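Take a look at the letters that make up each chain.
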Amino acid sequence: LEKISHHGSRASGIVKGMLDHSRTSSGEKSPTDINALCDEYLRLSYHGLRAKDKSFNAAFETDFDESLPKINVIPQDIGRVLLNVINNAFQACQERGSRDKEYDPKVSISTKQLNDKLEIRIKDNGIGMTQETIDKVFQPFFTTKPTGQGTGLGMSISYDIVTKGHG
């Protein structure tokens, strides 16, 4: 019964993720302070992970381009992208920390105006990714997480939000 319940919950999560993935956003774009959004989701991700694992600690830093104007985005969607990527960064640090006790985990986020584009760069010093993982990271249902810990939809959804929803 436990196995049935576990796999039923997992299937439910996958179906929910598929529905989220296929939805068209009804959100409206509005002028948004990207620096504040990045800072908010960085802290939300860190404290969310700490709530699950009290032993986890990591340094995090920001380097925001203070001259950025407000950008027209769907804040909830960009927040979702930020949360997906930042969660992955902290989880990579957490995984490396479980293997290397001398390791100092660190995640950083920066913003920069590049002509008519905005760059948000999220970096970590976690376990890293193989070329095979990099090649597949945006494919739906691809995950590096153990069974039951991820549906493999976070980066695929993030890719769609950034490319299709925000150009």
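Above this note sits the structure.
Residues numbered from 1 in each chain as written. Predicted model: local features only at pLDDT ≥ 70, side-chain atom pairs only at ≥ 80, totals over all residues. Heavy atoms only, no water.

1. Notes on the packing of aromatic side chains
Any pair of aromatic rings gets described here by the distance separating the centres and the angle formed by the planes.
Argument step 1. In the structure shown here, the tally under the stated rule is 6 aromatic pairs.
Argument step 2. An angle of 55 degrees between the planes, with centres 5.0 Å apart, marks the rings of Tyr-46 and Phe-60 as tilted. With Tyr-46 in helix H2 (residues 34-52) and Phe-60 in strand E2 (residues 59-63), the pair connects residues that are 14 residues apart, well separated along the chain.
Argument step 3. Overall, the relative accessible area of 8% leaves Tyr-46 in the buried class.
Argument step 4. Each ring, one from Tyr-46 and one from Phe-90, has its centre 5.5 Å from the other, and the planes form 50 degrees; the classification is tilted. Remark: Phe-90 occurs in helix H3 (residues 75-99) and Tyr-46 occurs in helix H2; sequence separation between them is 44 residues.
Argument step 5. The exposure class assigned to Phe-90 is buried, which follows from its relative accessible area of 0%.
Argument step 6. One aromatic cluster is present, built from ring pairs that chain together Tyr-46, Phe-56, Phe-60 and Phe-90. (Phe/Tyr/Trp six-rings, centres within 6.5 Å; stacked < 30°, edge-to-face > 60°. Helix = DSSP H or I, 4+ residues; strand = E, 2+ residues; numbered from the N terminus. Buried < 20%, exposed > 50% of the residue type's maximum accessible area, 1.4 Å probe, protein only.)

2. Some details on the nonpolar core
Argument step 1. Judged by nonpolar contacts, the single largest core of 24 residues is most densely connected at Phe-56, Leu-82, Ile-86, Phe-90 and Ile-109.
Argument step 2. In this view, Leu-82 contacts Leu-37, Cys-38, Tyr-41, Ile-109, Ile-120 and Ile-122; residues no more than four positions away in its chain are not counted. (Core = buried A, V, L, I, M, F, W, Y, C linked by side-chain atoms within 4.5 Å. Contact = heavy atoms within 4.5 Å.)

3. Describing the side chain of Thr-32
Argument step 1. Mapped onto the elements, Thr-32 comes out in strand E1 (residues 30-32).
Argument step 2. Of the residues examined, Thr-32 reaches a relative accessible area of 8% and is grouped as buried.
Argument step 3. Ignoring sequence-local partners within four residues, the contact set of Thr-32 consists of Leu-37, Pro-69, Lys-70, Ile-71, Val-73 and Pro-75.

4. Digging into the pairing of strand E5 (residues 117-124)
Argument step 1. Here 8 bridges tie strand E4 (residues 106-114) to E5, and the two strands are oriented antiparallel to one another. Looking across to E5, one finds that Ser-110 is bridged to Arg-121.
Argument step 2. Connecting E4 to the next strand, E5, in antiparallel fashion are 2 residues, including Asn-115 with a positive phi near 55 degrees. (Pairing = 2+ DSSP bridges.)

5. A closer look at the environment of Ser-98
Argument step 1. Structurally, Ser-98 is set in helix H3.
Argument step 2. Taking the C-alpha atoms as reference points, Ser-98 and Phe-56, separated by 42 residues in sequence, lie 9.4 Å from one another.
Argument step 3. Of the polar contacts made by the side chain of Ser-98, one reaches the backbone oxygen of Glu-95; its length is 2.7 Å. (Polar contact = N/O pair within 3.5 Å; in protein donor to acceptor, adjacent residues only side chain to side chain.)

6. Some points on unusual backbone geometry
Argument step 1. The backbone of Asn-115 shows a phi angle near 55 degrees, a positive value even though the residue is not glycine.
Argument step 2. Structurally, Asn-115 can be placed in the loop between E4 and E5.
Argument step 3. In this structure, Phe-141 is a non-glycine residue whose phi angle is positive, near 75 degrees.

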